[in-house]
Structures are given as structure tokens and as C-alpha cells.
Amino acid sequence: VLRESQFDYKTLTPATSTPTFLTQANTEGAARFTFVGDNALGDPFNPTIVAIYVRALALPTTYMYKTIAPANTVAAFIAQLNTEAALGYRYFGDQIYAGVIASVLVKESTNAAYHYKGLTPATTSAAFFALVNSEGALGYQFQGDIGVDTGGGNFVFSSLFSRNTVAPTTYSYESAPILESA
């Protein structure tokens, strides 16, 4: 465990299956550590893969994890997310273990609830900022673009947005220049 002034970090051996992931993540979640992701460290040609967890020292928040099978349409996926979101689960992302995709959901002990929607992705920078800022003004945070496998390797893409229905806020987005380093 690496201790900084506000956070503890922990690295563990990554899970090799969905059940071992759920056991690991829920054990760590009960100890107030949230899953950040599996990351490669060290030599880029022979990296060490680790599961990274972080705990905010000032927060008593605990975490519970579950997985759902991915849907085969955007509408079905959004419906799945909203069913779970009403129970306080938010979408973390998809993980692949032993060739099986699972959508990971996390529930915080803060009693939050969420609402999700998927919209057609923007095709230009200007359209992207118009989309995310119009949704942000409504309290929806941009989660990223998702791809749903409709079968046979055919994907349909959607921009995923979420809104905390218990503690709503607004979001605004802007671009910043890329700074070059010397």
C-alpha cells in the first residue's frame, strides 16, 4: 500500500475470471478501495500487469461490484443500465476475462442513483462540444463512446451519458491546447 496525504493505493494480482474479479473487487470495496483498472507497469516489452485500487482517506465510502452480460442493442444496454442505476449501481466499463466480456457495475455506499442515456455520437469537434455541453446543462455527464456488438462482430456506437438523480449537478466542457514538452 502506497500512502499519500489523501489517498492509499494498492496493487494486486489481476483477476483471471469474472468470479475472481468480483471476489477481489468486493473484498477491496468493503475495505473502502475502489477498482481503478488493470494496468501495465515497468518494461514496455515485458510489463507487469497489476490491478490498481485506490482509497480516499477522508471518505468512509465502501463499494460493491456486480457484472451483467452485455446487451446486443444500444437500447437494451441502456435499459439494463437504468434498471441497475435505479438500485444505485453505476457503469464502470467492460472487462474481458478468459475471452468473456462482462459489463462491470459499482455501487457506492453514498446512496446515489443514476440515469443513463445513449445518443448518436458527434462526427466533428464542434458537434461534440455542442452535444456534451447541451447534455451537461441538463445534468448529464459524458461517460464516453461505447460500442455494442449486435452479432457477428458488427458494432453500433453510442455516446453514453449519466446523471446522478440524487445529487444532480451540471457539467460544461471545453477544449484546451495541447502543450508540448521540451
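What counts as what
Residues numbered from 1 in each chain as written. Predicted model: local features only at pLDDT ≥ 70, side-chain atom pairs only at ≥ 80, totals over all residues. Heavy atoms only, no water. Pairing = 2+ DSSP bridges. Helix = DSSP H or I, 4+ residues; strand = E, 2+ residues; numbered from the N terminus. Axes fitted to C-alpha atoms, helices over the stretch in contact; angles between N-to-C directions. Contact = heavy atoms within 4.5 Å. Salt bridge = Lys/Arg side-chain N within 4 Å of Asp/Glu carboxyl O. Buried < 20%, exposed > 50% of the residue type's maximum accessible area, 1.4 Å probe, protein only. Expected span 1.5 Å × (residues − 1). Arc of directions from axis to C-beta. Phe/Tyr/Trp six-rings, centres within 6.5 Å; stacked < 30°, edge-to-face > 60°. Lys NZ or Arg CZ within 6 Å of the ring centre and 35° of its normal.

**Student:** How do you make sense of the sheet that holds strand S8 (residues 114–119) when you look at a structure like this?
**Tutor:** In a beta sheet, neighbouring strands are held together by backbone hydrogen bonds and run either parallel or antiparallel to one another. The strand order across the open sheet built from 3 strands is S8-S10-S9, with neighbouring strands paired in antiparallel fashion. In this open sheet, the two strands that pair with only one neighbour each are S8 and strand S9 (141–149). Mean inter-strand twist for the sheet, computed between neighbouring axes without regard to direction, equals 30°. Across 8 bridges, S9 lies against strand S10 (residues 155–164) in antiparallel orientation. From the neighbouring strand, Gly 144 faces S10, where its bridge partner is Leu 160. On the sheet, helix H2 (residues 74–85) packs against S8, S9 and S10 and is oriented at approximately 170° with respect to S8.

**Student:** Can you walk me through the pattern of salt bridges in this structure?
**Tutor:** As a working rule, side chains carrying opposite charge can pair if their charged atoms are close by. Across all of its chains, the model carries 5 salt bridges by this definition. A salt bridge links Glu 28 to Lys 10; the nearest nitrogen and oxygen atoms lie 2.8 Å apart. Of this pair, Glu 28 sits in helix H1 (residues 18–30) while Lys 10 sits in strand S2 (residues 7–12), and the two are 18 residues apart along the sequence. The same class applies to Glu 28 and to Lys 10, which are both buried. With a shortest N-O distance of 2.7 Å, Glu 84 and Lys 66 are connected by a salt bridge. Taken together, the residues span a long stretch of sequence, with Glu 84 in helix H2 and Lys 66 in strand S5 (residues 63–68) at a distance of 18 residues. Using a relative accessible area of 25% as the deciding quantity, one classes Lys 66 as partly exposed.

**Student:** What's the story with H2 in this structure? I'm lost.
**Tutor:** Owing to its 3.6 residues per turn, the α-helix brings residues three or four apart onto one side. In a regular helix each residue adds 1.5 Å, so 12 residues correspond to 16 Å; H2 covers 16 Å between its end C-alpha atoms and thus fits that length. Regarding H2, the residues found buried are Val 74, Phe 77, Ile 78, Leu 81, Asn 82, Glu 84 and Ala 85. For H2, the angular spread of the buried residues around the axis is 165°, confining them to a single face.

**Student:** Is there a simple way to explain the side chain of Gln 24 in this structure?
**Tutor:** Position of Gln 24 relative to the elements: it lies in helix H1. With near-sequence residues (within four places) excluded, Gln 24 lies in contact with Leu 12, Thr 13, Ala 15, Ala 51 and Tyr 53.

**Student:** What's the story with the packing of aromatic side chains in this structure? I'm lost.
**Tutor:** To describe a pair of aromatic rings, you give the distance between the ring centres and the angle between the ring planes. Here the structure, examined in full by the defined rule, presents 11 aromatic pairs. An angle of 80° between the planes, with centres 6.1 Å apart, marks the rings of Phe 21 and Tyr 65 as edge-to-face. Taken together, the residues span a long stretch of sequence, with Phe 21 in helix H1 and Tyr 65 in strand S5 at a distance of 44 residues. This pair shows no difference in class: Phe 21 is buried, exactly as Tyr 65 is. When the centroid spacing of 5.2 Å and the interplanar angle of 75° are considered together, the rings of Phe 128 and Phe 129 count as edge-to-face. By the ring-pair criterion, three or more aromatic residues cluster together here, those being Phe 21, Phe 35, Tyr 53, Tyr 65, Phe 92 and Tyr 97. The aromatic ring of Phe 33 is capped on one face by Lys 10, whose charged end is 4.4 Å from the ring centroid. The lysine or arginine in question, Lys 117, covers the ring of Tyr 140, its NZ or CZ lying 4.2 Å from the ring centre.

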